[in-house]
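Descriptive analysis of the structure
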Amino acid sequence: MANSKVTSMREAIGSLVPDGSVVSIEGFTHLICFAAGHELIRQRKQDLTLCRLTPDVIADQLAAAGVISGLVFSWLGNPGVGSLHAVRRRIEGSDPRPLYLEEYSHFGMVARYTAGASGLPFFPLRSYRGSDLPRVNPRIVEIDDPYGGDPLYAVPPLNPDVSIVHVQRASAGGDAQVWGIPGCQKESAFAAGRVIVVCEEVVSDEVIRSDPNRTLIPGAIVDAVVVAPGGCHPSYAQGYYDRDNPFYLEWDVISRDSNLIDAWLEEWVYALDDHAAYRTKLGAERWSALSPGDAYSQPVNYGDYS
Amino acid sequence: MANSKVTSMREAIGSLVPDGSVVSIEGFTHLICFAAGHELIRQRKQDLTLCRLTPDVIADQLAAAGVISGLVFSWLGNPGVGSLHAVRRRIEGSDPRPLYLEEYSHFGMVARYTAGASGLPFFPLRSYRGSDLPRVNPRIVEIDDPYGGDPLYAVPPLNPDVSIVHVQRASAGGDAQVWGIPGCQKESAFAAGRVIVVCEEVVSDEVIRSDPNRTLIPGAIVDAVVVAPGGCHPSYAQGYYDRDNPFYLEWDVISRDSNLIDAWLEEWVYALDDHAAYRTKLGAERWSALSPGDAYSQPVNYGDYS
Amino acid sequence: MSFTSTEMMVVEAARHLAGVRNCFVGIGIPNLACSLAKRTVAPDLELIYESGVVGADPARLPLSIGDPSLVVGARSVTSMFDLFSLYLQRGLIDVAFLGAAQVDRNGSINTTVLGSYEKPEVRLPGSGGAVEIAINADRVFIIVNQSRRTFVEKLDFVTSPGHVGHRTGSVGGPTVVVTQLGTYRFVEGEMTLSSLHPGVTRDQVFDATAWKVAVDEGVVETDSPGQDELLALRSLDPDRVYLK
Amino acid sequence: MSFTSTEMMVVEAARHLAGVRNCFVGIGIPNLACSLAKRTVAPDLELIYESGVVGADPARLPLSIGDPSLVVGARSVTSMFDLFSLYLQRGLIDVAFLGAAQVDRNGSINTTVLGSYEKPEVRLPGSGGAVEIAINADRVFIIVNQSRRTFVEKLDFVTSPGHVGHRTGSVGGPTVVVTQLGTYRFVEGEMTLSSLHPGVTRDQVFDATAWKVAVDEGVVETDSPGQDELLALRSLDPDRVYLK
């Protein structure tokens with residue numbers, strides 16, 4: 001295939017994510033690229049700022065491993081379970097180090113990515129009035145309606161140095177298709193200076209081009225394509241595997257004790273070469289339990305006009 | 001089917017588009033709802049303002065028939081052919097009556113719909129600087145970047161009284177799916193006070209729900225569903241029929257002479273009961289010549305998680 | 001049939017959805033309330049999730065607002081930009097549920113920190129979409145476990161505004177608060193006890209509220225959950241994941 | 001091989017696409033120039049249309065910017081909001097083609113009216129996407145038939161700005177103008193003749209320009225279309241729809 005951008009996670013993270021980078025890893029409830037998070041930990045990246053609406057277990061792992069020094073976010077927690085204890089230790093007790101927070105709401109974060117993706121210097125939204133958020137985050141500013149209506153608020157563009165975007169399928173050139181919850185995968189990709197697409201599977205150009213409306217991210221803005229099936233575990237990828245709920249409950253126990261986290265990171269990240277090893281270590285039985293049945297979309301006819 | 005909104009074009013236009021309405025009929029190059037345009041003419045609607053990025057032959061017909069008194073637009077012409085002669089006669093010579101123009105650019109119109117669809121009082125964009133457009137349209141205003149960068153421009157929201165949106169398939173409840181060029185069908189629908197969905201075919205809820213990412217317009221905002229296969233002729237509907245290029249060339253001749261237009265409108269609109277009669281009158285041979293072959297999308301697997 | 005205080009909360013919340021067209025659903029109790037309402041007082045209720053799912057019809061009890069079972073068979077699944085812009089900010093949302101770590105008499109909510117923002121004693125999750133939901137949804141229902149720690153005189157942090165100065169008249173803002181003790185409405189922007197759940201006394205309410213809570217003159221006893229309501233509810237959460 | 005002046009224009013425009021990654025294509029001559037460039041100097045050139053089509057690979061000569069054959073087999077097809085926001089305004093467009101009813105020495109363009117805006121002698125189509133393309137594309141190529149009616153001293157209406165006051169240095173603005181007579185570049189914002197097509201004299205250029213057009217010191221003769229260029233071009237438009 002011409003112009004293939006397919007590479008290993010090691011190479012992509014190694015060459016495209018220098019220490020100190022502002023990194024976006026989105027994926028709302030699914031398509032959360034734990035495989036990339038683990039590689040960041042494995043390569044002992046330093047001083048990253050993580051941009052993510054919902055820093056969840058992936059953020060707790062990155063915080064515990066000392067990879068991130070800050071969060072740009074709108075909701076942090078272990079969804080459906082409780083707290084991120086490593087993140088909380090850093091915030092509440094600077095234990096072992098402080099964690100810098102730049103805090104918005106979901107709509108504010110989405111609007112920031114949209115401005116960044118659109119080349120706009122700000123994005124207007126109806127939110128924040130009466131909230132303390134603008135008081136603690138001076139980048140959230142009040143603006144006037146030029147047509148004389150009520151004032152509203154603005155947020156600045158968010159342009160990460162690099163966005164890591166997990167998708168279901170991509171061509172070798174990086175054209176990426178997503179189904180299920182799109183979150184802000186598209187906006188975080190267009191907003192970024194560099195884009196790493198991580199996919200469940202590489203497909204031919206013909207598959208992509210058979211349904212061009214499904215393409216969320218064009219290869220033109222993609223720097224690397226990494227194939228990492230199962231790379232969202234313990235989160236899910238619509239149609240490929242389910243959320244591993246027991247893991248989120250286990251993490252609540254692990255995350256309360258920094259020694260347990262260190263042991264977990266050693267066993268599941270540092271001691272493993274790559275995500276393929278993690279996948280194998282999880283075992284066929286666990287993957288099988290997470291496998292959904294089939295539910296295919298009805299096709300549409302684009303028509304042959306040749 | 002529960003909550004069916006399926007009705008006739010006559011009923012939908014009659015009850016939802018009173019004289020004096022601001023009406024959006026979008027569809028960029030395809031999905032242009034001529035069937036609705038003809039029904040507006042047939043019912044001798046008066047004093048409508050047509051919102052449409054590209055007033056083309058449909059606008060020429062509405063202008064010639066005396067249905068519209070104004071255009072909100074960004075490009076007017078017979079695409080690939082030349083001028084809209086009826087529209088030009090009204091603009092250049094007030095012949096037989098003036099036509100009020102509110103003029104933007106494509107991005108300006110798209111931004112107006114987006115603001116209207118989003119509940120925003122304005123939409124910012126980088127355009128217009130150095131152009132005469134803001135001079136002749138005072139609703140295009142310069143605004144400041146609240147973060148101190150270069151000033152940019154804003155356009156106000158566009159909220160049509162009613163949007164008429166042609167789609168390929170819809171459920172009886174109005175959930176509408178589109179493929180090919182989406183244009184601003186979605187934004188014009190969400191921006192409108194009332195929505196008429198016109199579809200090539202009604203499909204079951206199961207078809208819609210088999211691919212929820214394809215749904216552009218939810219039934220919740222739809223007031224009426226009209227089934228009008230072929231309703232975009234002479235424009236096209238991706239996968240259903242091709243553009244009838246000879247018609248656009250014929251229209252260039254017809255449109256130069258208001259007597260020819262009157263005769264055309266009499267023969268093809270006033271004398272016919274509805275769009276089904278128009279379809280029949282065009283003839284099977286013409287439709288056959290416009291039929292594409294098949295080119296189906298590859299399905300995606302949403303997964304069965306029950 | 002006997003019932004738990006959680007079941008009372010869910011049943012009571014569901015009843016307030018009668019006639020509602022759509023609801024912005026949170027996971028857990030609000031999801032149960034909406035699902036119950038669909039089987040009782042609001043069969044056409046459209047479930048909308050901030051994850052972008054519109055018209056969900058889940059085949060199993062969803063464990064997150066982005067559960068894959070919410071996506072399969074939904075009416076529409078859209079980007080978060082579209083969901084917050086075209087649905088919420090456009091004003092299409094009839095009712096939204098919000099939870100709270102702290103709530104005050106005006107229905108303002110704190111889900112950000114306990115203690116100071118800069119050096120919090122407890123760092124809570126933050127707003128998520130709550131602040132824009134509080135501002136843009138037509139009506140907001142608050143479901144919360146009531147105690148002096150949650151019903152406070154002054155919030156440590158205002159995450160989502162309730163009936164505060166900028167709201168004009170009756171437009172927007174929380175309209176109903178349901179706790180394990182009772183149900184509250186807002187009278188001129190102040191939370192006012194409108195019904196006491198069966199077996200709950202006014203003193204229990206006063207003890208669990210850090211301010212002197214207003215009581216409606218016509219305060220009544222909340223109807224006990226009916227058998228049909230309880231059976232429907234329990235079938236929605238047979239493992240009692242949320243109905244603890 | 002002999003060639004027409006239209007063929008010369010298309011071939012010359014295509015040559016300027018050497019090394020270009022993507023191009024915002026108009027229909028007709030620009031589409032032919034881009035398609036020719038893909039077969040000659042820029043095989044990886046990505047064709048982007050304002051209709052929302054990205055990476056088109058049409059099976060037939062498209063007759064409009066939204067031809068269904070542009071959609072089938074494209075890399076991506078997106079909303080106009082996304083196309084104008086994420087591609088154009090984001091700064092991803094390398095080259096865009098614009099046509100003109102009138103152009104001035106700074107490369108500003110009129111496609112709106114002849115005569116006054118309020119009472120035009122000729123109402124032209126208007127901007128379409130031209131004004132934002134002129135402002136946001138990295139480089140703009142203008143293709144136009146040159147005469148004193150089109151190369152004017154003062155535009156009746158500025159639809160799309162060229163090199164006017166607000167542009168700083170070399171950022172943005174038209175970079176190349178190709179007509180049936182010659183090719184122009186911009187020197188300090190002024191259109192300057194850089195090559196004369198074969199057989200065309202300077203006097204022909206002066207006669208077809210309403211202002212005293214600048215001529216580059218190093219003005220050369222445009223290379224004639226090569227046989228490979230002409231054959232490739234003619235295969236793209238065998239019915240000579242645009243190559244009249």
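Quick summary incoming for the structure in this document.

With that settled, consider the overall build of chain C. Across its full length, chain C holds seven helices and 14 strands. Since a compact globule built from 244 residues should have a radius of gyration of about 18 Å, the 17 Å found for chain C is in line with a globular shape. Taking all 244 residues of chain C together, the buried fraction comes to 63%. Look at the contacts in chain C between residues 6 or more apart in sequence, and 64% of them connect residues 24 or more apart.

The next subject is the overall build of chain A. The secondary structure content of chain A amounts to 12 helices and 13 strands. Relative to a compact globule of 306 residues, whose C-alpha radius of gyration would be 19 Å, chain A shows 20 Å and is just as compact. In terms of principal-axis extent, the alpha carbons of chain A reach across some 60 × 50 × 35 Å. Expressed as a percentage of contacts within chain A between residues at least 6 apart in sequence, the contacts between residues at least 24 apart total 74%. Of the accessible surface of chain A, which amounts to about 9,400 Å², a share of 48% is contributed by carbon and sulfur atoms. Mean positive and mean negative side-chain charge positions of chain A (25 and 38 charges, respectively) differ by 2 Å.

All right, on to the sheet that holds strand 6 (residues 123–125) of chain A then. All names here are of chain A. The three strands are arranged 6-8-7 in an open sheet whose pairing can be described as antiparallel. The sheet is open, and its two borders are formed by strand 6 and strand 7 (141–143), each paired with just one other strand. Averaged over all pairs of adjacent strands, the angle between their axes in this sheet comes to 45 degrees, without regard to strand direction. Inspection of the sheet shows strand 6 paired to strand 8 (residues 152–155) by three bridges, in the antiparallel sense. The partner of phenylalanine 123 across the bridge, within strand 8, is valine 155. Docked against the sheet, helix 5 (residues 106–118) engages strand 6 and strand 8, running at close to 155 degrees with respect to strand 6.

A separate point is the relation of the copies chain B and chain A. A rotation about an axis combined with a shift along that same axis relates the two copies of the chain. Once turned by 180 degrees and shifted 0.0 Å along the axis, chain B lies on chain A with an RMSD of 0.0 Å. Seen this way, the second copy is the image of the first under a two-fold rotation axis. Nearest to the rotation axis, the C-alpha of proline 299 of chain B is located 2.8 Å from it, this being the minimum over chain B. With an isologous cut-off of 70% or more, the 100% of interface residues of chain B that recur at the interface of chain A puts this contact in the isologous class.

Counting from both sides, the interface comprises 41 residues of chain A and, opposite them, 43 residues of chain C. Carbon and sulfur atoms supply 62% of the area that chain A and chain C bury against each other, a total of about 3,500 Å² over both sides. Put simply, glutamate 103 of chain A and arginine 123 of chain C hold a salt bridge, and the shortest N to O gap is 2.6 Å. For the pair chain A and chain C, the interface holds 21 residue pairs in polar contact (both at pLDDT 80 or more). Broken down by element, the side of chain A that touches chain C gets its largest block of residues, five residues, from helix 5 of chain A. Its residues assigned to classes, the side of chain A that touches chain C shows 19 nonpolar, 13 polar and nine charged.

Scanning all chains against the criterion turns up 32 aromatic pairs over all chains. Summarising the aromatic geometry, the rings of phenylalanine 190 of chain B and tyrosine 87 of chain C are spaced 5.2 Å apart at their centres and angled 65 degrees between planes, so their arrangement reads as edge-to-face. Here phenylalanine 190 of chain B, found in helix 7 (residues 185–191), pairs with tyrosine 87 of chain C, found in helix 4 (residues 80–89), and the two come from separate chains. Relative accessible area serves as the criterion here: at 3%, phenylalanine 190 of chain B is assigned to the buried category. Given a relative accessible area of 5%, tyrosine 87 of chain C falls into the buried group. Taking NZ or CZ as reference, lysine 281 of chain A lies 4.7 Å from the ring centre of tryptophan 268 of chain A, over its face. When the ring centre of phenylalanine 206 of chain C is taken as reference, the NZ or CZ atom of lysine 212 of chain C above it lies at 5.9 Å.

A word on empty space enclosed by the protein. Applying the stated criterion across every chain yields a total of two cavities of 30 Å³ or more. A volume near 870 Å³ is recorded for the largest cavity. If you go around the largest cavity, you meet 48 residues; those closest to its centre are Lys186 and Asn213 of chain A together with Lys186, Asn213 and Leu216 of chain B. The class makeup of the residues in the lining of the largest cavity is 22 nonpolar, 18 polar and eight charged. Of the pockets and cavities examined, the second largest cavity occupies roughly 30 Å³. Lining of the second largest cavity is provided by Leu98, Gly107, Ile109, Ala134, Val140, Ile142, Ser160, Pro161 and Pro174 of chain C. When the residues that make up the lining of the second largest cavity are grouped by side-chain class, the tally is seven nonpolar, two polar and no charged.

Each neighbour pair has its own omega, and for aspartate 95 of chain A with proline 96 of chain A the value is 0 degrees, a cis peptide bond. Its place among the elements puts proline 96 of chain A in the loop between helix 4 (85–93) and strand 5 (100–103). In this model, leucine 31 of chain B sits at a positive phi of 55 degrees, which is unusual for a non-glycine residue. Summarising the element assignment, leucine 31 of chain B is placed in the loop between strand 2 (22–25) and helix 2 (34–42). Take leucine 31 of chain B: its relative accessible area is 0%, and that puts it in the buried class. A positive phi angle, close to 50 degrees, is found at serine 94 of chain B, a residue other than glycine. Relative to the helices and strands, serine 94 of chain B is located in the loop between helix 4 (85–93) and strand 5 (100–103). Judged by its relative accessible area of 32%, serine 94 of chain B falls in the partly exposed class.

To continue, consider the sheet that holds strand 7 (residues 141–143) of chain B. Residues and elements named next belong to chain B. Judged by pairing direction, the sheet is antiparallel, and its three strands sit side by side in the order 6-8-7 without closing on themselves. Either end of the sheet is taken by a strand with one partner, and the two such strands are strand 6 (123–125) and strand 7. For this sheet the average axis-to-axis angle between neighbouring strands, irrespective of direction, equals 45 degrees. Most of the contacts of helix 5 (residues 106–118) go to strand 6, to which it runs at about 155 degrees, and overall it touches strand 6 and strand 8 (152–155).

Attention now goes to a nonpolar patch on the surface. On the surface, Val6, Val202 and Val227 of chain A cluster together to form a nonpolar patch covering roughly 200 Å² of accessible area. Within the secondary structure, valine 227 of chain A sits in strand 13 (residues 224–227).

The subject of this paragraph is the packing of helix 9 (residues 245–254) of chain B against helix 10 (residues 258–270) of chain B. Residues and elements named next belong to chain B. It is at 8 Å that the axes of helix 9 and helix 10 come closest, and there the two elements cross at 130 degrees. With respect to their mutual orientation, helix 9 and helix 10 come out oblique. Together, Phe247, Trp251, Val253 and Ile254 of helix 9 and Leu260, Ile261 and Trp264 of helix 10 make up the contact between the two elements. In terms of residue class, the contact of helix 9 with helix 10 is made up of seven nonpolar, no polar and no charged.

Here we come to the pattern of salt bridges. Side-chain pairing between opposite charges can occur once the charged atoms of the two side chains come close. Counted according to the given criterion, the structure contains 52 salt bridges over all chains. With a closest N to O distance of 3.4 Å, arginine 214 of chain A and aspartate 211 of chain A form a salt bridge. Of the residues examined, aspartate 211 of chain A reaches a relative accessible area of 0% and is grouped as buried. A cluster of three or more residues bridged by salt bridges with shared partners is formed by Asp211 and Arg214 of chain A together with Asp211 and Arg214 of chain B.

The subject of this paragraph is the interface of chain B and chain A. If you look at the interface, chain B gives 49 residues, while chain A gives 49 residues. Counting each side, the surface lost to burial between chain B and chain A is near 4,300 Å², with a carbon and sulfur contribution of 58%. When the buried area of chain B at its contact with chain A is split by residue, Tyr147, Asn301 and Tyr305 of chain B rank highest and sum to 17% of it. For the pair chain B and chain A, the number of links is two salt bridges. Where chain B packs against chain A, one counts 30 residue pairs in polar contact (both at pLDDT 80 or more). Looking at the side of chain B that touches chain A, the elements that each hand over two or more residues are strand 6, strand 7 and strand 8 of chain B. Taken together, the residues of the side of chain B that touches chain A sort by class into 28 nonpolar, 11 polar and 10 charged.

Bringing helix 2 (residues 29–39) of chain D into the picture now. Residues and elements named next belong to chain D. Burial of helix 2 is extensive: nine of the 11 residues sit out of reach of the surface. Among the residues making up helix 2, those that are buried are Ile29, Pro30, Asn31, Leu32, Ala33, Cys34, Ser35, Leu36 and Ala37. Lining the buried residues of helix 2 we find helix 1 (5–15), strand 1 (22–25), strand 2 (46–49), strand 5 (95–98), strand 10 (139–143) and helix 7 (227–236).

By the secondary structure assignment, alanine 289 of chain B is in helix 12 (residues 284–289). In sequence terms alanine 289 of chain B and aspartate 242 of chain B are 47 residues apart; their C-alpha atoms lie 8.5 Å from each other.

This part takes up the pairing of strand 11 (residues 194–202) of chain B. Residue and element names in this part refer to chain B. Pairing analysis gives eight bridges linking strand 9 (residues 162–170) to strand 11, with the strands arranged parallel. Within strand 11, the position partnered with valine 167 by the bridge is cysteine 199. Inspection of the sheet shows strand 11 paired to strand 13 (residues 224–227) by four bridges, in the parallel sense. Bridge pairing in strand 13 links valine 197 to valine 225.

Quick notes on the rules
Residues numbered from 1 in each chain as written. Chains lettered and ligands numbered in written order. Predicted model: local features only at pLDDT ≥ 70, side-chain atom pairs only at ≥ 80, totals over all residues. Heavy atoms only, no water. Helix = DSSP H or I, 4+ residues; strand = E, 2+ residues; numbered from the N terminus. Rg over C-alpha atoms; globule rule 2.2 N^0.38 Å. Buried < 20%, exposed > 50% of the residue type's maximum accessible area, 1.4 Å probe, protein only. Contact = heavy atoms within 4.5 Å. Areas by Shrake-Rupley, 256 points an atom, 1.4 Å probe, with all protein chains shown as cover. Lys, Arg positive; Asp, Glu negative; His and termini not counted. Charge placed at Lys NZ, Arg CZ, Asp CG, Glu CD. Pairing = 2+ DSSP bridges. Axes fitted to C-alpha atoms, helices over the stretch in contact; angles between N-to-C directions. Least-squares fit on C-alpha atoms with pLDDT ≥ 70 in both. Buried area = accessible area lost by both parts, 1.4 Å probe. Salt bridge = Lys/Arg side-chain N within 4 Å of Asp/Glu carboxyl O. Polar contact = N/O pair within 3.5 Å; in protein donor to acceptor, adjacent residues only side chain to side chain. Nonpolar A, V, L, I, M, F, W, Y, C, P; charged D, E, K, R; others polar. Phe/Tyr/Trp six-rings, centres within 6.5 Å; stacked < 30°, edge-to-face > 60°. Lys NZ or Arg CZ within 6 Å of the ring centre and 35° of its normal. 1 Å grid on protein atoms, 1.4 Å probe; cavity = no way out; pocket = protein on both sides within 12 Å on 5 of 7 lines; lining within 4 Å. Points joined across faces, edges and corners; volume = space filled by probe spheres on them. Patch = residues over 30% accessible without salt bridge, like charges linked within 9 Å, V, L, I, M, F, W, Y side chains within 5 Å. Parallel < 35°, antiparallel > 145°, perpendicular 65-115°, else oblique.

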